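Spelled out from the first residue to the last, the chains are:
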Amino acid sequence: MADDRVVGIDLGTTNSLVAYMGTGPTLAHPDEPGKGVFIIPGEDGSNLVPSVVALDHDNHMLVGNAAREVLLTQPERAVYSVKRLMGRGVDDVQEELKLFPFRLAEDLAPGEVLRIQLGERSYTPPEISAQILRQLKRNAERFFGAAVKQAVITVPAYFNDAQRQATKDAGRIAGLEVLRLVNEPTAASLAYGLDRKQNGTIAVYDFGGGTFDISILKLQDGIFEVIATNGDTHLGGDDIDNLLIAVAVADIAGDLGLDARQHPDLVQRLRRAVIEAKIALSSRPAAELEVELPDGRLYQRTITREMFEQMIEPIVERTLEPCRQALKDAELTVAQVDEVVLVGGSTRIPLVRRRVEELFGREPHSELNPDEVVALGAAVQAKILAGGSAETKDMLLLDVTPLSLGIEALGGVTAKIIHRNSTIPASATEHFTTGVEGQISVAIHVLQGEREMAKDCRSLARFDLKGIPPMPAGLPRIEVRFLIDANGILHVSAREQRSGKESEIQVQPSYGLTDEQVENMILDSFDNAERDLAERQLIEARNEAETILTALAKGRHNPAWTMLNFSEQRKVDELESRLRLALGGTDYNPIRRWIDELNQATMHLAELMMDAAVGSALRGKNMDSTDVGEGPAAPHPIGKAEFS
Amino acid sequence: MELSDPQKAGLQVMNGKHRDHRCWSCGDMRAEHFCAACGHVQPAEPTDYFAFFGLPRKLELDDAGLEREFYALSRKLHPDVYSLASAREQAWSLEKTSQLNDAYRTLKDPLSRTEYLLRLEGIQLDEQSKTATEQARAAGVDKKQTVPAELLEEAFELNMLLEEAKMGGVDKELRAQLRATRAGLMARLKTMQDELHAAWKQWDGGDREATAQMVDVLNRRSYLRNLVRDINEALD
């Protein structure tokens, strides 16, 4: 069991978490054996790992709180909210670039996967996300004291194919087998459903750091069937922060005559200040903004809740239309929704709660911590996939695809082949033929989205069906099967039916990494991991060498030294100088070797010292100053000598 | 998006040959989706949606029963159940579950169920299908539609109203007229539902001529729905 722990990961825009569902009593539920779903804390004891990646002065990757500190002092060496860039092309992110200090690599070719400049290298969004995932993996491994290789990772329900694929790639790069991508609101419903086994219709309103989702589910005897989902993958608490920053920047320009945009570190300090104010405003009627400017002056401003609500009203309003659309798609009225559940940090804002309550006509639930509920649900799904337990026995998640799948038809029109809100896995078979005599390939453009024209939909891939046997126009019959798997990721296969020939398909994803690129990135991270390991081993070997050399220096002053014969003393002298020589190098192997040899050579000395210590103890002397260990059982006496 | 090889994906096209329903795992029982003896999922093969649920090709369906069956099959076939199984079983589970979902989606909706049955019976419905209409609209092509005789006069009057709306906007009077027309159309749609159910009964009773009636109802229905949509757009 120790080797196949499957963890649940919430890879969030602002914060990420890793959770686990155990079968025995746990930290979170010490008194309830078998009821343990819990968040695995990081080294610093906190459940939330900020989704920030930064480089320290030695060009080491930092993740989480440590990276957030770098963001404040050297914003150019840190990346945050990278989730907004997952699975997107340069053209998609122009709006984002105005608001977020992403520094794209300068040598980006058109159509290439985005790369973000960080220090001397550039990284794709999946690589940055992989750093966060690797940190969560390490946290889990430290917690269990065993390797963690498999995970369930959550994604916004409204993520498209490219964004999902990018998330899966990130998992692979981090050395995790992603058993399933689960939609965030659906995961939340699992966490809620664990305690309350009941039937009915629930709406999950998930307003997080960077994304908004609404999902409507039907719960029946443990089956969680998503009826409809909708959302906006670029709408979240981030947008509220940006709004407040813009206000502060305008203030500073107007009242203090300073262009804050010229000072990236000031913008980051403002960002932290507005986030604190935003959080404070959820429980207090007013909050203070106070930020020191680079010239020492102080920017101060009071924000009342009333002002705050006025400002953010349009953002909150943007979440309501997807809710109405989801209800419409589900063919339900608000009265038919039995429960509403709030998920995501932004649902702590009182205005958000009021608007949701008004829309659904009932008070929403928020018993579970809105920051943690998605990760907890991911852990439940991980448990289900890992074989389940008594509590998950009857639980099954039936999710849907959030966006319609289509292909470009004549005239640039989208022909929908799998409609949105279809339960996944889902498939469609389409037939294609040629338009010209002897034509041996057919081009297919796969799209995702609801718009009527292909150019307004998201382009997933263009591919050529090749190797069609030459035939008169219209005669070949090529069957292409589109299958959306349980992760919401599309698979395509094709065959020419007339000749029975398997068509060769070349797929060029419009955005996304090729398998080969991902493989290289995995190797890359292994190289890094190996380098990291070598470094750590060098440090450990050096520490150990220092310990033994110190002990030896003390041993030379011990009367026991004179009891060694000349050749023993010579041998120790020689090994000591060899070890000191090896210490000047950077390879831990020779250091280890001379430590071992020196250990062997000083064995006799250690025994003599031990005898002397035991002897003096027997004579009633105080052992404190000469104690060399716990007695004869001490594993290495000379090593222990430093205790004296 | 990923590419998959149909062979590897476990999608065996059987070329009309009927597979021997013997469990690949225990070899014992006659098995369709999974073995009744050992519970293992069986390879997916092309099947019609009625047959997938073990139903006769009949149109009057017990909705609640279909849902129960869908849930019961989901519990046994879903990829979640096979996440620790062999790659082969995972592929079969994926195929089977997509068939299950496609079948359930098609059969649970009365209209798509009727259209599907007509397709199975070799009747091409493309002319008035929703997709064909959508495509023609998006491409800006006027799709050839035969106006049902009973609707000729009404359609003509409505087109005048819609022209008027396009030219001069929708004033209060026009709005009222459009609403009244829409209410009339909606009432007609409702009676069509009854006509369709009557045709179902005939079909289920063994009357193969009922298909012509169903095609007729679906045609008129789709024409009516387009009119309603045009009104909704004008009123927006």
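The rules behind these values
- Residues numbered from 1 in each chain as written.
- Chains lettered and ligands numbered in written order.
- Predicted model: local features only at pLDDT ≥ 70, side-chain atom pairs only at ≥ 80, totals over all residues.
- Helix = DSSP H or I, 4+ residues; strand = E, 2+ residues; numbered from the N terminus.
- Buried ≥ 20, exposed ≤ 12 C-beta atoms within 10 Å, placed from the backbone.
- Contact = placed C-beta atoms within 7 Å.
- Core = buried A, V, L, I, M, F, W, Y, C linked by C-beta atoms within 7 Å.
- Domains from an automatic or database assignment.
- Pairing = 2+ DSSP bridges.
- Axes fitted to C-alpha atoms, helices over the stretch in contact; angles between N-to-C directions.
- Left-handed = near helix turned anticlockwise from the far one by under 90°.
- Nonpolar A, V, L, I, M, F, W, Y, C, P; charged D, E, K, R; others polar.
- pLDDT = per-residue confidence, 0-100.
- Expected span 1.5 Å × (residues − 1).
- Arc of directions from axis to C-beta.
- Parallel < 35°, antiparallel > 145°, perpendicular 65-115°, else oblique.

**Observations concerning the overall build of chain A**
When helices and strands are counted, chain A shows 15 helices and 26 strands. When the 644 residues of chain A are sorted by exposure, 46% land in the buried category. Taking all contacts inside chain A whose residues are at least 6 apart in sequence as the whole, residues at least 24 apart take part in 66%.

**What to know about the overall build of chain B**
Per the secondary structure count, chain B includes eight helices and one strand. Starting at the N terminus, the α and β elements of chain B follow one another as β-α-α-α-α-α-α-α-α. Out of the 236 residues in chain B, the part that is buried amounts to 26%. In chain B, the proportion of contacts linking residues at least 24 apart, taken out of those at least 6 apart, comes to 58%.

**Structural notes on the environment of A:L327**
Residue and element names in this part refer to chain A. Residue placement: L327 occurs in helix α8 (residues 305-329). For L327, a count of 22 C-beta atoms within 10 Å puts it in the buried group. Taking the C-alpha atoms as reference, L327 lies 46 Å from V436; in sequence the two are 109 residues apart. Ignoring anything within four residues of it in the chain, the contact list for L327 reads I216, L332 and V334.

**Overview of the nonpolar core**
Grouped together as the largest cluster of nonpolar side chains are 155 residues, with contacts concentrated most on A:V7, A:I9, A:A19 and A:A379. Counting residues per element, this core draws most heavily on helix α10 (residues 373-385) of chain A, which supplies ten residues. Looking at this core, you find at least three residues from each of domain 1 (6-236 + 313-398) and domain 2 (405-512) of chain A. Ranked by size, the runner-up nonpolar core spans 28 residues in total, among them B:V81, B:W92, B:L100 and B:Y116.

**Some details on the sheet that holds strand β5 (residues 52-55) of chain A**
Residues and elements named next belong to chain A. As summarised here, the arrangement of the three strands in space is β6-β5-β7, forming an open sheet in which the pairing is antiparallel. Here the strands that pair on one side only, and so sit at the sheet edges, are β6 (61-63) and β7 (78-80). Sheet twist, expressed as the mean angle between neighbouring strand axes with direction ignored, is 20°. As judged from the three bridges shared by β5 and β7, these two strands associate in the antiparallel manner. Bridged to A54 within β7 is A78.

**A closer look at the packing of helix α6 (residues 152-168) of chain B against helix α7 (residues 172-204) of chain B**
Residue and element names in this part refer to chain B. It is the contact of α6 with α7, at a shortest axis distance of 11 Å, that shows an interaxial angle of 145°. Judged by the twist between their axes, the crossing of α6 over α7 is left-handed. Here L158, L161, E164 and A165 of α6 come into contact with α7, specifically with L174, Q177, L178 and T181. Residues of the contact of α6 with α7, tallied by class, amount to five nonpolar, two polar and one charged.

**Re the confidence of the model for chain B**
Residues and elements named next belong to chain B. On average, residues of chain B score 78 in pLDDT, and 75% of them are at 70 or above. Every residue in residues 4-19 scores below 50 in pLDDT, and together they form 28 contacts with partners more than four places removed in sequence or on other chains. Across the interfaces of the predicted complex, the ipTM metric reaches 0.78, alongside a pTM of 0.79.

**Notes on the confidence of the model for chain A**
Residue and element names in this part refer to chain A. Mean pLDDT for chain A: 86, with 89% of residues reaching 70 or above. Taking the mean pLDDT of every element in chain A, the minimum, 35, falls on helix α15 (residues 637-640) and the maximum, 97, on strand β10 (residues 150-155). Here residues 24-30 is a poorly scored stretch, pLDDT under 50, and it has 13 contacts once near neighbours within four places are set aside; other chains count.

**Quick word on the pairing of strand β19 (residues 405-409) of chain A**
Residue and element names in this part refer to chain A. The buried fraction of β19 is high, at four of five residues. The pairing of β19 with strand β20 (residues 413-418) spans five bridges and is classified as antiparallel. Within β20, the position partnered with I407 by the bridge is A415. Relative to strand β22 (residues 442-448), β19 runs antiparallel, the two being bridged by three bridges. Paired with G406 across the strands is L447, a residue of β22.

**Digging into helix α12 (residues 566-583) of chain A**
All names here are of chain A. Spanning 18 residues, α12 covers 26 Å between terminal C-alpha atoms, matching the ideal 26 Å at 1.5 Å per step. Taken residue by residue, α12 has V572, L575, L579 and A582 as its buried positions. Projected down its long axis, α12 carries its buried residues within an arc of 85°, all on one side. What points out from α12, more than 90 degrees from its buried face, is the exposed set F566, S567, R570, S577, R580 and L581.

**Looking at the domain arrangement of chain A**
All names here are of chain A. Domain boundaries in chain A define domain 1 (6-236 + 313-398), domain 2 (405-512) and domain 3 (518-643). The interface is formed by six residues belonging to domain 1 together with four residues belonging to domain 3. At the level of elements, α3 (125-144) and α4 (161-173) are the ones that each hand at least two residues to the side of domain 1 that touches domain 3.

**Things to note about unusual backbone geometry**
All names here are of chain A. Backbone torsion omega between I424 and P425 reads 0°, so that peptide bond is classified as cis. As for its position among the elements, P425 is in the loop between β20 and β21 (426-432). For S81, which is not a glycine, the phi torsion comes out positive at approximately 50°. One can find S81 in the loop between β7 and α2 (94-99). For S81, a count of 21 C-beta atoms within 10 Å puts it in the buried group. Phi is positive for N421, close to 65°, though the residue is something other than glycine. As for its position among the elements, N421 is in the loop between β20 and β21.

**Brief notes about helix α6 (residues 237-256) of chain A**
Residues and elements named next belong to chain A. Compared with an ideal rise of 1.5 Å per residue, which puts 20 residues at 28 Å, α6 spans 28 Å between its outermost C-alpha atoms and is within 8% of the ideal. Every buried residue of α6 is accounted for by G237, D238, I240, D241, L244, I245, A248 and I252. The buried residues of α6 all sit within an arc of 155° when viewed along its axis, so they share a single face. Relative to its buried face, α6 has exposed residues pointing more than 90 degrees away, namely A250 and G254. Close packing links the buried residues of α6 with α7 (264-281), β15 (286-292), β16 (298-304) and α8. Count one or two residues on from α6 and you reach G257, which has phi positive near 65°.

**Description of the sheet that holds strand β17 (residues 339-343) of chain A**
All names here are of chain A. One open sheet accounts for five strands, arranged β17-β12-β13-β14-β18; its pairing is mixed. Each end of this open sheet is capped by a strand with a single partner; those strands are β17 and β18 (396-398). Averaged over all adjacent pairs, the angle separating strand axes in this sheet is 25°, with direction ignored. Looking at chain direction, strand β13 (residues 212-220) and strand β14 (residues 223-232) are connected through nine bridges and run antiparallel. Residue pairing across strands places Q220 opposite I223, the latter belonging to β14. Its contacts with the sheet place helix α9 (residues 350-360) against β12 (200-207) and β17, and it is angled at close to 160° to β17.

**Remarks on the packing of α7(B) against helix α8 (residues 210-235) of chain B**
Residue and element names in this part refer to chain B. Look at α7 against α8: their axes get within 9 Å of each other, and the N-to-C directions meet at 160°. As far as their axial angle goes, α8 and α7 are roughly antiparallel. Our pair here, α7 against α8, has a crossing hand that is left-handed.

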